[in-house]
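# Working through the structure, step by step
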Amino acid sequence: MKEILLGVNIDHIATLRNARGTTYPDPVHAAEVAERAGADGITVHLREDRRHITDRDVRILKQTIQTRMNLEMAVTEEMLLIAEQISPEFCCLVPEKREELTTEGGLDVAGNQSRMNTACARLAAAGILVSLFIDADKKQIDAAVAANAPYIEIHTGQYADASNPAEQQKELDILIEGIQYAHSKGLKVNAGHGLHYHNVKPIAAIPELYELNIGHAIIARAAFDGLHQAVADMRRLMQEARA
Ligand SMILES: CC(=O)[C@@H](O)[C@H](O)COP(=O)(O)O
Ligand SMILES: NCC(=O)COP(=O)(O)O
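Here we summarise the structure given alongside this text. Values in this document were obtained by computation on a predicted structure and should not be read as measured data. (Residues numbered from 1 in each chain as written. Chains lettered and ligands numbered in written order. Predicted model: local features only at pLDDT ≥ 70, side-chain atom pairs only at ≥ 80, totals over all residues. Heavy atoms only, no water.)

## Section: the packing of helix H6 (residues 138-146) against helix H8 (residues 165-184)
Rules: Simply put, an axis is a line fit to the C-alpha atoms, just over the touching stretch for a helix, and the angle between two N-to-C directions goes from 0 to 180 degrees. A run of DSSP states H or I qualifies as a helix once it reaches four residues; a run of E qualifies as a strand once it reaches two. Both are numbered from the N-terminal end. Throughout this description, any angle smaller than 35 degrees is read as roughly parallel, any larger than 145 degrees as roughly antiparallel, any in the 65 to 115 degree range as roughly perpendicular, and the remainder as oblique. For any pair of crossing helices, the crossing counts as left-handed if the nearer helix is rotated counterclockwise from the farther one by less than a right angle, and right-handed if it is rotated clockwise. Whether two residues are in contact is decided by their heavy atoms, any of which lying within 4.5 Å being enough. Residue type decides the class: Asp, Glu, Lys and Arg count as charged, Ala, Val, Leu, Ile, Met, Phe, Trp, Tyr, Cys and Pro as nonpolar, and the leftover types, Gly among them, as polar.
H8 packs onto H6 with a crossing angle of 25° between their chain directions and a minimal axis gap of 10 Å. Overall, the two elements H6 and H8 adopt an arrangement that is roughly parallel. Judged by the twist between their axes, the crossing of H6 over H8 is right-handed. Across the interface between the two elements, Lys138, Ile141 and Asp142 from H6 touch Glu177, Gly178, Tyr181 and Ala182 from H8. Tallied by class, the residues present in the contact of H6 with H8 amount to three nonpolar, one polar and three charged.

## Thoughts on the pairing of strand E6 (residues 151-155)
To keep things clear, this is the line we draw: Only protein chains enter the accessibility calculation, which uses a 1.4 Å probe; a residue whose area is less than 20% of its type maximum is buried, one above 50% is exposed, and one in between is partly exposed. For two strands to count as paired, DSSP must find a minimum of two bridges between them.
Of all five residues making up E6, five are buried, and the element is well covered by its neighbours. Alternating residues of E6 divide into Tyr151, Glu153 and His155 and Ile152 and Ile154, and every residue in both groups is buried. As defined by bridge partners, E6 adjoins strand E7 (residues 188-192) across five bridges and the pair is classed as parallel. Within the sheet, the bridge partner assigned to His155 lies in E7 and is Gly192.

## Details of the sheet that holds E6
On the basis of which strands lie adjacent, the closed barrel formed by eight strands has the order E1-E2-E3-E4-E5-E6-E7-E8 and parallel pairing. The sheet shows a mean angle of 25° between the axes of neighbouring strands, taken without regard to direction.

Written out as structure tokens, the structure reads:
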């Protein structure tokens, strides 16, 4: 069966650094180790409040990443200008709330169609491949198609947060239906959020998926096993699911 790619999100290396205001651990170093361990791309979320990744990180990473940068960002004028200046290979547009602990759901593309169309067109004009981080909802998938986004990333948060196997299976079925629908519409379909070593396989097994973006669980595992091992183990689990 086809390979599935792994984008490693290194935000929480920066969380650890910022907790003490030190210069270490450096996300630039993390990207290099993750790439050597088999990451197909590096994801960073430049939040409006800069709680982890900073402008400096994005600038230097753009010069040092050997694979490709996927810059996650809110749909704001400030972020669009940064993306146009940095020119990452991919931009994933995500919803953002200042107070949230982490991303709580998908972007409402359908409810903000003209703003999304404009953002996608601006990024495409800058040569950036756009992805929209959305829920597995046909209305949002149709809106992503209408916005001319070549990629979407399906939000797996509800699946990851399910509190029992029956609920998790229900969420998985919703994801599979949405992913198949999006794929049939010609979108390249990624997925991510909340995936970890014990819930990744059923997601990685979905044949229409192109790439998974995984961060928090890999960085947490790295504290005990080292980042190289943590990335390699995640990659292996994903490939096993495709065997
Ligand atoms: C959009 C998304 O699902 C992730 O990138 C997530 O936002 C990671 O960053 P946080 O951990 O700061 O939420
Ligand atoms: N877009 C999802 C992502 O980059 C990583 O999310 P998480 O694994 O840190 O929850």
